[in-house]
Amino acid sequence: MSVIGSDNRNLRLGVRYLVLILIALIFVLPLLFMVMSSFKPSDELLRDTSSLRAFLPVGQLSLDNYTGAFERAPVGLFVFNSIFVTGTTVLLSLVICSLAGFSFVFLQWRGRDVMLSIILATFIVPFETIAIPLLLEVSKLPWLGLDGLSWGWLDSYRVQIIPWIADGLTIFLFVQYFKGLPGELIEAARVEGASWFQIYRRVVIPLSGPVIATAAILKFLIMYNQYLWPLIVVQQEQYRPVMVGLQYFFQLNPAWGEIMAYLTLITVPVLAFYLVLQKAFIASIASTGVKG
Amino acid sequence: MKLLNVTAGAVIAATGFCSAAFATTDLTMWYHGAGNKVESKIVHQIIDDFNKSQSDYKVALQSFPQNSYNDSVTAAALAGNLPDILDMDGPIMPNWAWSGYLQPLPIPEDHFKDFLPGTKGVYDGKLYSIGLWDAAVALYARKSTMKELGLRTPTLDKPWTKDEFMSALEAAKKSGKFDYAIDLGMSDKGEWYPYAFLPFLQSFGGGLVNRKTYDTAEGVLNGDAAVAWGNWWQSLFTDKLAPGTSQDPAAHETGFIDGKYAFSWNGNWNAVKTMDKVDDVEFLPAPDFGNGSKIGGASWQFGISASSKAPEGAAEFIKFATQDKYLAEFSDALGLIPATKSAAQMTKNYKSGGPLAVFYGLSEAQAEKRPVTPGYVVDSKVFQKAAADIADGADVIDTLDSATDQINADIKRNDGYKKN
């Protein structure tokens, strides 16, 4: 009887692993295809798409596609631009949106609920609908820089960063998380005479690792994948991000091998960022699930 | 006195230098070739040559990726940030001119009298743009296949009729040697559809819009000729003569070279690559479906933005760039059809007897521009969908009626695209 039970357990475990492996393959195979293809000549890459060879390191493998990618486009510059814009936006966003969330949860002020509703309502407004009005706005805004006062933000890093710092989703994430923090902690800090900013900095933020990681990852992905906005506000190559740079490879005859090499290169920062924050991210998802 | 003279001399010299410095007008130029190493090199060379050839103007280049170029220009126009000189794909020129992005070239049209018709961007009776090259489509075939199937080789003077063309496809299918008789490039969604397939409709006697008035598609896109085209077009796919819209892009890239397709309806930009891999490839003219052999014309062209403060300088650059030596250089490097016959004679591929000389003849004799109307940007999308739907088995008459309605509605919505 115990043997049968053990067999059943093993069978269930085997089936479970099989299902998990299949699901993992669905996500891993495209990445595997991308990496393997980045080492193959374009014509061989295209031929291999009809067989399992597409996922295997077989055929004429070389680093030619990587060399070609760097010759075709300033890959390093594009990656730097994207990381700079993304990193700056993520940092500023975490500060501004967490402050906003803190204010919505812990401070009492007139119109708070209405304002929160308005911010949440921005969820349903697709960016494409405000892209043109926003373009017209930023093209006429003043800027006081080292060269003095100038007009128009086009062709700059700031035009890619500032409009994206605050957003409804990130504020919402902080609001939801802050609501779950024990109220007694805040009250105790108030009784001890802490200012609101001290409570934010010394009590709330140290407890908010999971939501900070979640917000950072989501914002990172949104910013790193930016395409439409930089396309319309940046005309100079020196400010172009990776996704606009991808278009360099789509000529009349797309250089598929170089495209795969370029995609592999620009995927590295995303994977690295996720791997660094994944524990906190999973903790955040798990805690959200527990709260229901 | 001596000090005074020296001082005066210095002032005069300084003023002279200043005025010399002020005399140079900076011009900005946008180009669609970012990522194309060969093309970028030539464009930079032309600009360097121009800047060195005179001191009145200095051109600075900004390159954009082709796929996103139009969106960048439209956004810049909205933000009032257009450059002095910009290039554009031929069929979009009327829309940009109508929208006020462009000004007519301040160059007499006679200056370009030797240029291929497809390279001249004329809208509302004015020349707005000029191209350094044109592109052409031909029927790729192997001489060995033609011989094996016992087919007559069509010429510009005597192209295949519809019956001959269909017999050739049927013969290829019956031979059992090919996956499909012809590759039309159905996987290549986008502007390829109107560029490559609209000429078939025109050869049947139909069209996208009334070319005399440009105020309706009624009777043109849904008339008897258009319906005949639609039925023929659909038969190519129902009879399994050509792969349909689900064609694998990889098969389109290598299918003809690998011998999977007997014929390929393809552009001259793929000709050099194909010649390298298929020894006996030949390029045949489009079949005549009743109203003459036709192929699409007009490729990338230079124009001047309406906001340019120095159109005369921009015009000087365009005249400089359209010299035969540059047309030939572009052609040799990219396989494009040079805009003039004299430039063609300077190239390795398009000179008399050259391996691609046939394309020059095709462009000269058969090229027909896509409708020269601001509404083409919409018409093009409507045609793309209609051609794809019919290929997928949609009812021909309903599809063409619906496409006609959409184009007419767009014309009405824009008040007939009257000149502002």
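Scoring rules and cut-offs
Residues numbered from 1 in each chain as written. Chains lettered and ligands numbered in written order. Predicted model: local features only at pLDDT ≥ 70, side-chain atom pairs only at ≥ 80, totals over all residues. Heavy atoms only, no water. Helix = DSSP H or I, 4+ residues; strand = E, 2+ residues; numbered from the N terminus. Rg over C-alpha atoms; globule rule 2.2 N^0.38 Å. Buried < 20%, exposed > 50% of the residue type's maximum accessible area, 1.4 Å probe, protein only. Contact = heavy atoms within 4.5 Å. Areas by Shrake-Rupley, 256 points an atom, 1.4 Å probe, with all protein chains shown as cover. Domains from an automatic or database assignment. Buried area = accessible area lost by both parts, 1.4 Å probe. Salt bridge = Lys/Arg side-chain N within 4 Å of Asp/Glu carboxyl O. Polar contact = N/O pair within 3.5 Å; in protein donor to acceptor, adjacent residues only side chain to side chain. Nonpolar A, V, L, I, M, F, W, Y, C, P; charged D, E, K, R; others polar.

**A look at the overall build of chain A**
Counting its regular elements, chain A contains 14 helices and two strands. In terms of overall size, chain A is more extended than a compact globule, its C-alpha atoms giving a radius of gyration of 24 Å where 292 residues would be expected to give roughly 19 Å. Here the C-alpha coordinates of chain A stretch approximately 80 × 70 × 30 Å along the principal axes. Counting all 292 residues of chain A, 40% fall into the buried class. When contacts within chain A are restricted to residue pairs at least 6 apart in sequence, long-range pairs at least 24 apart make up 69% of them. A total accessible area of about 16,100 Å² is found for chain A, and carbon and sulfur atoms account for 70% of it.

**Quick notes on the domain arrangement of chain B**
Buried accessible area, meaning the area lost when the parts come together, often serves as the stated size of an interface. Residue and element names in this part refer to chain B. Taken domain by domain, chain B holds domain 1 (2-134 + 299-361) and domain 2 (137-296 + 371-417). Listed by partner, the interface residues are 18 residues for domain 1 and 17 residues for domain 2. Summing both sides of the interface, domain 1 and domain 2 together bury roughly 1,400 Å²; the carbon and sulfur share of this comes to 72%. Broken down residue by residue, the surface that domain 1 buries against domain 2 is led by Pro91, Trp98 and Phe359, which jointly contribute 36%. Joining domain 1 to domain 2, the criterion identifies zero salt bridges. Along the contact surface separating domain 1 from domain 2 lie three residue pairs in polar contact (both at pLDDT 80 or more). At the level of secondary structure, the elements contributing two or more residues to the side of domain 1 that touches domain 2 comprise α4 (93-98), β5 (120-123) and α14 (357-366). Classifying every residue of the side of domain 1 that touches domain 2 by side-chain character gives 13 nonpolar, four polar and one charged.

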